[in-house]
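Each chain is listed here by its residues.
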Protein chains: 2
Amino acid sequence: MRYHKIPDETVRRLPVYLRGAMHLSQQGLESISSRHLADLLGVKPWQIRKDFSYFGDFGTPGVGYHLESLIKQINKILRLDAGQKAVLVGVGNLGSALLAFPGFGMYGFEIAAAFDVDKRKIGRRRGGVVIGDIAKLRNLRRRGICLGIIAVPEDTTQEVADTLVDAGIKGILNFSPRYITVPKRVKVITIDIAMDLARLPYYMPLS
Amino acid sequence: MRYHKIPDETVRRLPVYLRGAMHLSQQGLESISSRHLADLLGVKPWQIRKDFSYFGDFGTPGVGYHLESLIKQINKILRLDAGQKAVLVGVGNLGSALLAFPGFGMYGFEIAAAFDVDKRKIGRRRGGVVIGDIAKLRNLRRRGICLGIIAVPEDTTQEVADTLVDAGIKGILNFSPRYITVPKRVKVITIDIAMDLARLPYYMPLS
DNA sequence: TGGTGATTGCGCTCACATTCACAGACAACA
DNA sequence: TGTTGTCTGTGAATGTGAGCGCAATCACCA
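These figures come from a predicted structure and were not determined experimentally. (Residues numbered from 1 in each chain as written. Chains lettered and ligands numbered in written order. Predicted model: local features only at pLDDT ≥ 70, side-chain atom pairs only at ≥ 80, totals over all residues. Heavy atoms only, no water.)

Undergrad: Sorry if this is basic, but what is going on with the interface of chain B and chain A here?
TA: When the parts of a complex come together, some accessible area is lost, and that lost area is often taken as the interface size. Counting residues at the interface gives 58 residues for chain B and 59 residues for chain A. A buried area of about 5600 Å², summed over both sides, lies between chain B and chain A, and 73% of it is on carbon and sulfur atoms. Summed over the shared surface of chain B and chain A, the number is 2 salt bridges. Between aspartate 192 of chain B and arginine 19 of chain A there is a salt bridge, with its nearest N and O atoms 3.0 Å apart. For the pair chain B and chain A, the interface holds 8 residue pairs in polar contact (both at pLDDT 80 or more). Mapped by element, the contributors of at least two residues to the side of chain B that touches chain A are α1 (8-26), α2 (34-41), α5 (93-100), β8 (145-150), β9 (171-174), β10 (187-190), α7 (193-198) and α8 (200-203) of chain B. Considering each element in turn, the side of chain B that touches chain A owes the most residues, 7 residues, to α1 of chain B. (Contact = heavy atoms within 4.5 Å. Buried area = accessible area lost by both parts, 1.4 Å probe. Salt bridge = Lys/Arg side-chain N within 4 Å of Asp/Glu carboxyl O. Polar contact = N/O pair within 3.5 Å; in protein donor to acceptor, adjacent residues only side chain to side chain. Helix = DSSP H or I, 4+ residues; strand = E, 2+ residues; numbered from the N terminus.)

Rendered as C-alpha cells:
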C-alpha cells in the first residue's frame, strides 16, 4: 500500500499515535505492539496496523513497533520535525489560555508571535511573547512563521484570515465559529467548541 | 428515509446548520434555500438537503426552508430545547476561558457549576458561578446537570471522569488529550487542540 | 385556474474507510 | 538449528457517507 494516497482519517489519527508513542517512550519502553498501543488509545489494533502500513514498514513481526523510530517517522510525515512556528491573533480569554497552553510544545510547536487590536494589551508580555499591534501584522514569512491561530470575535474572523493569508500564512487553526474563505492552497482547520458540546445531548440517554 | 438511522456525520453537521439558521434569522430573513445556506456555511447544497431529509420534510419546494421552524426542529432533534446545564471541572487557563466563553449561550447551554482542586480558587466567583471543591462534587443529578466539561491536567483526567460518572453525568466534553474509559452509556467527545494543530503542517504546501 | 420557475426530497452510484482473516516474518529458546 | 508462539502487513469483504440528477412539489402570477 506504500504508493497509495493517504486517507484523511489516517492523517487525523497520526497525532494520536504520536502522542501515545511519546507517552510510552517517556516511561522507558522500547517497543509496543499494535494491540497494547490500541488499548492505551482506545482504538482497534488493526486500525493502527492499517494506518501505519500506508507509509511502509514501521514494525517488526513478533515484537511490535520500535518507539523511537516510530516517533521519528510520524514526526517526519506530519512535518513536525522542523519545529513549526505559529502566530496567534486575538489575545482574549481563549487566546491567553492558548499562550499558556503547554500542549503545543510536545509536537514541536512554538507560538512565536501574538497580535491584538486592543491598545491596552499591545506591548504587554504574555506567555513569553510581546503582543503586537494587529495593524502591523506583516512579514511573518521572514520570521519563518507559517501557521496562524485565530482566536478573535466572530465578526472580524474573515478580515483576520485575509490578513494572515497576505502575510504568507499557509495553515490556519480557527477557533471562531464562522466559515472563512481562503485561497485553496491554505489549509483551514476549525475548532468550534460550542458546536462540539451541542451534539453531546443527542447521544445522551433520555433519562 | 425517515426511519433510517441518522449518520454520525449528519449529527455533527446539525449544529452548523443551526448556527447558520439562527444567524440568518437574526438578520430578519424568513426563509433560506439550501443553495444559499450552503454558500454561507461552506458546504454543498445537496449535503444539506440529504441531511435534512433524514428527519422528514423541513422545507418547501420552490421556497426553501422556513428559518423559524428549522431552528425549532434542529433544537428538538439535538435536545437543546430543554436548556442543558453543564459542570466545569478545572478552572485553569482553559477553564476560565470556557467560563467566559459567550458561545455556549446560543445553543441554550449554561455552565451551572465549576470545580477545582486549588484551595486558593475555591470559593471565588468566576463568570457567574462560585468555584466549588472538587472533593464535594456530588448530586449534580438533583440540580439537573447532565453534562460535564473536563479541563484539568492530563494526569488527573481519568479520575475526574470517574467522579463525573458517579455524580450522574451523561455526557462529557473532554479537553484533555488522554483517552478516558467510561461506561458505554456515557458519551465522550474529546477536543484535543494541539492534535488538530499537529495535522495542519501535513496539508501545507512545501514552500 | 393553468402555466412557469424555483427548490426540495430521495434513489442510485461511487468513493472512501473500517473490519477481518491469514500468510509471512521475526524473536526466543531448547 | 528447528520449533513455537507472537505480531506485522495487507488483500478482500463489508459498511458508511458523499455526490449527483431528476421527478415531485409549491408559490406566484396572469
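Undergrad: Would you take a moment to explain the protein's contact with DNA strand C for this structure?
TA: Neighbouring DNA strand C are 27 residues; Arg13 and Trp46 of chain A together with Ser34, Gly62 and Tyr65 of chain B lie closest to it. When atoms of DNA strand C within 4 Å of the protein are split into backbone and base, the sugar-phosphate part holds 70%. Separating a phosphate oxygen of DNA strand C from a side-chain N or O atom of arginine 13 of chain A is a distance of 2.6 Å. Of all elements in the fold, only α1 (8-26) and α3 (45-53) of chain A together with α2, α3 (45-53), β2 (59-60) and β3 (64-66) of chain B reach the threshold of two or more residues within the surface near DNA strand C. In terms of residue count, α3 of chain A provides more of the surface near DNA strand C than any other element does, 4 residues in total. Its residues placed into classes, the surface near DNA strand C shows 9 nonpolar, 9 polar and 9 charged. (Near = heavy atom within 4 Å. Nonpolar A, V, L, I, M, F, W, Y, C, P; charged D, E, K, R; others polar.)

Undergrad: Would you mind showing me how to read the relation of the copies chain B and chain A here?
TA: Put simply, the second copy of the chain is the first one after a rotation about an axis and a shift along it. Rotating chain B by 180° about the axis while translating it 0.0 Å along that axis superimposes it on chain A, leaving an RMSD of 0.1 Å. What we have between these two chains is a two-fold relation. With an isologous cut-off of 70% or more, the 100% of interface residues of chain B that recur at the interface of chain A puts this contact in the isologous class. (Least-squares fit on C-alpha atoms with pLDDT ≥ 70 in both.)

Undergrad: So what exactly am I meant to see when it comes to helix α5 (residues 93-100) of chain A here?
TA: Note on helix geometry: an α-helix contains 3.6 residues per turn, so any two residues three or four positions apart are oriented the same way. Of all the 8 residues making up α5 of chain A, 6 are buried; the element is thus mostly covered by neighbouring parts of the structure. Within α5 of chain A the residues assigned to the buried category are Leu94, Gly95, Ser96, Ala97, Leu98 and Leu99 of chain A. (Buried < 20%, exposed > 50% of the residue type's maximum accessible area, 1.4 Å probe, protein only.)

Undergrad: For this particular structure, what's the right way to read the nonpolar core?
TA: The nonpolar side chains of a soluble globular protein tend to be buried, and buried together. Formed by 108 residues in total, the largest nonpolar core has its most connected members in Ile149 of chain A together with Ile149 of chain B. Sequence-distant contacts of isoleucine 149 of chain A, defined by excluding residues within four places in its chain, comprise Ala86, Val87, Leu88, Val89, Leu98, Phe104, Ile111, Leu173 and Phe175 of chain A together with Leu197 of chain B. By size, the runner-up hydrophobic cluster in this structure holds 20 residues, among which are Ile145, Val152, Val165 and Ala167 of chain B. (Core = buried A, V, L, I, M, F, W, Y, C linked by side-chain atoms within 4.5 Å.)

Undergrad: Can you help me understand the pattern of salt bridges in this one?
TA: Close approach of charged atoms allows side chains of opposite charge to pair. Residue and element names in this part refer to chain A. Evaluation of the coordinates by the stated rule reveals 16 salt bridges over all chains. Residue arginine 12 is joined to glutamate 9 by a salt bridge in which the shortest nitrogen-to-oxygen separation is 2.9 Å. Of this pair, arginine 12 and glutamate 9 both sit in helix α1, 3 residues apart, roughly one helical turn.

Undergrad: Before we go on, may I ask you to explain the side chain of serine 176 of chain A in this structure?
TA: Residue and element names in this part refer to chain A. You can see serine 176 is positioned in the loop between β9 (171-174) and β10 (187-190). Residue classification places serine 176 among the buried residues on the basis of a relative accessible area of 1%. For serine 176, the side chain forms a polar contact with the side chain of threonine 157, separated by 2.7 Å. Setting aside its immediate chain neighbours within four residues, serine 176 contacts Ile150, Val152, Glu154, Thr157 and Thr190.

Undergrad: Explain the sheet that holds strand β1 (residues 31-32) of chain B here, please?
TA: Hydrogen bonding along the main chain pairs the strands of a sheet, whether they run parallel or antiparallel. Residues and elements named next belong to chain B. If you walk across this open sheet you meet the 3 strands as β1-β3-β2, and the pairing is antiparallel. The open sheet terminates on both sides in strands that have one partner only, identified here as β1 and β2. The pairing of β2 with β3 spans 2 bridges and is antiparallel. Residue pairing across strands places threonine 60 opposite glycine 64, the latter belonging to β3. Of the strands in this sheet, β1 and β3 are in contact with helix α4 (residues 67-77), which crosses β3 at around 70°. (Pairing = 2+ DSSP bridges. Axes fitted to C-alpha atoms, helices over the stretch in contact; angles between N-to-C directions.)

Undergrad: I'm lost on the pairing of strand β5 (residues 110-116) of chain B in this one. Help?
TA: Walk down a regular strand and you will see the side chains alternate between the two sheet faces. Residues and elements named next belong to chain B. Of all 7 residues in β5, 6 are buried; the element is thus mostly enclosed. Here strand β4 (residues 85-89) pairs with β5 via 5 bridges, running parallel. Following the sheet pairing, valine 89 is matched in β5 by phenylalanine 115. Each parallel crossover has a hand, and the one from β4 via α5 to β5 is right-handed. (Right-handed = clockwise from strand over helix to strand, strands pointing away.)

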